[in-house]
Amino acid sequence: MADKYDNIVRKRLGLLLYAKKCGNIEKACRIFDVSRSTYYRLKKRYAKHGVKGLMYLSRAHKSHPQTTAKPVLNLVKQLWQKNPNYSWITYKLNSTGTAIAYKTVRKIVLNYCLI
């Protein structure tokens, strides 16, 4: 899998170097089968980040917006040590203003092997 990404970086770097060498961006883009807008985007990323800027960038989100916050996770862990009861923890958190579902508490406990 790493070879696939190495080839992408080589191709992109080759495009930038060839365009600079021949001085004709349109010709370089035609040879490398890349649009001119892609060329300028790659050129900008290369100028800003160097070779690392030419690597494949995943479009996947870095984090999910509905992920339970770290302080809430820590609070669930602490409450589980006091009283290992899903309903009690859910009640305690909801009474303090932290909205959390019974299933979420159960999922946290199972994911962090607190049982």
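Keep in mind that what you see is a predicted model, and the values were worked out from it rather than measured.

S.K.: Looking at this structure, how should I read the overall build of the protein?
M.R.: Of regular secondary structure, the protein possesses six helices and zero strands. Against the compact-globule benchmark of 13 Å for 115 residues, the protein has a radius of gyration of 25 Å, which places it well outside the compact range. Reported as C-alpha extents along the three principal axes, the dimensions of the protein are approximately 70 × 30 × 20 Å. Here the protein, with 115 residues, has 22% of them falling under the buried criterion. Expressed as a percentage of contacts within the protein between residues at least 6 apart in sequence, the contacts between residues at least 24 apart total 40%. Carbon and sulfur atoms make up 54% of the accessible area of the protein, which totals about 9100 Å².

S.K.: Even after reading the chapter, I still don't get the nonpolar core, so can you show me in this structure?
M.R.: One finds Val72, Leu73, Val76, Leu79, Trp80, Tyr86, Ile89, Leu93, Ile100, Val105, Ile108 and Val109 forming the largest nonpolar core, which totals 12 residues. Those elements giving two or more residues to this core turn out to be α4 (70-82), α5 (86-95) and α6 (102-111). Residue contributions to this core peak at five residues, all from α4. If we skip the residues at most four places from it in the chain, Leu79 touches Trp88, Ile89, Lys92 and Leu93. Within the second largest apolar cluster, 10 residues are counted, among which are Leu16, Val34, Leu42 and Leu54.

S.K.: What's the story with the packing of α5 against α6 in this structure? I'm lost.
M.R.: The description of two helices packed together rests on the angle between their axes and the distance between the axes. Running from N to C, α5 and α6 cross one another at 120°; their axes reach a closest spacing of 9 Å. The angle between α5 and α6 places the two elements in the oblique class. Relative to α6, the crossing made by α5 is right-handed. Residues Tyr86, Ser87, Ile89 and Thr90 of α5 form the contact with α6, whose own contacting residues are Tyr102, Val105, Arg106, Val109 and Leu110.

S.K.: For this particular structure, what's the right way to read α5?
M.R.: An α-helix turns once per 3.6 residues; consequently, residues spaced three or four apart project the same way. Among the residues making up α5, those that are buried are Tyr86, Ile89, Thr90 and Leu93. Down the axis of α5, the buried set is contained in an arc of 100°. They therefore lie on one face. For α5, the secondary structure elements touched by its buried residues are α4 and α6. One side-chain oxygen at the N-terminal end of α5 lies 3.0 Å from the backbone nitrogen of Ser87; it belongs to Asn85. Count one or two residues on from α5 and you reach Gly97, which has phi positive near 100°.

Each value, and the rule that gives it
Within each chain, residues carry numbers counting from 1 in the order of the written sequence. Totals for whole chains, interfaces and linings use all residues, but because this is a predicted model, local features are given only for residues with pLDDT of at least 70 and pairs of side-chain atoms are given and counted only at 80 or more. The side-chain quantities take in all heavy atoms of the structure and omit both hydrogens and water. Think of it this way: any DSSP run of H or I at least four residues long counts as a helix, any run of E at least two long counts as a strand, and we number them from the N terminus. To get the radius of gyration, use the C-alpha atoms; to get the globule rule, take the number of residues to the power 0.38 and multiply by 2.2 Å. The cut-offs for exposure are 20% and 50% of the maximum accessible area for each residue type, with area from a 1.4 Å probe on protein chains only; residues under the lower value are buried, those over the upper are exposed, and the others partly exposed. Note on definitions: a residue-residue contact is assigned when non-hydrogen atoms from the two residues lie within 4.5 Å. Using a 1.4 Å probe, accessible areas were evaluated by the Shrake-Rupley method; residue-level cover was limited to the displayed protein chains. Remark: nonpolar core denotes a set of buried residues (Ala, Val, Leu, Ile, Met, Phe, Trp, Tyr, Cys) joined through side-chain atoms within 4.5 Å. Only the stretch in contact is used when a helix axis is fitted, and all axes are lines through C-alpha atoms; the angle between N-to-C directions ranges over 0 to 180 degrees. By definition in this entry, angles of less than 35 degrees are roughly parallel, angles greater than 145 are roughly antiparallel, angles of 65 to 115 are roughly perpendicular, and the rest are oblique. Should the near helix be turned counterclockwise from the far one by less than a right angle, the crossing is left-handed, whereas a clockwise turn marks it as right-handed. Working note: the arc is built from the helix axis to C-beta atom directions. Contacts described as polar in this section are N or O atom pairs within 3.5 Å, which, within protein, must combine one atom able to donate a hydrogen with one able to accept it, while residues neighboring in sequence count only if both atoms come from side chains.

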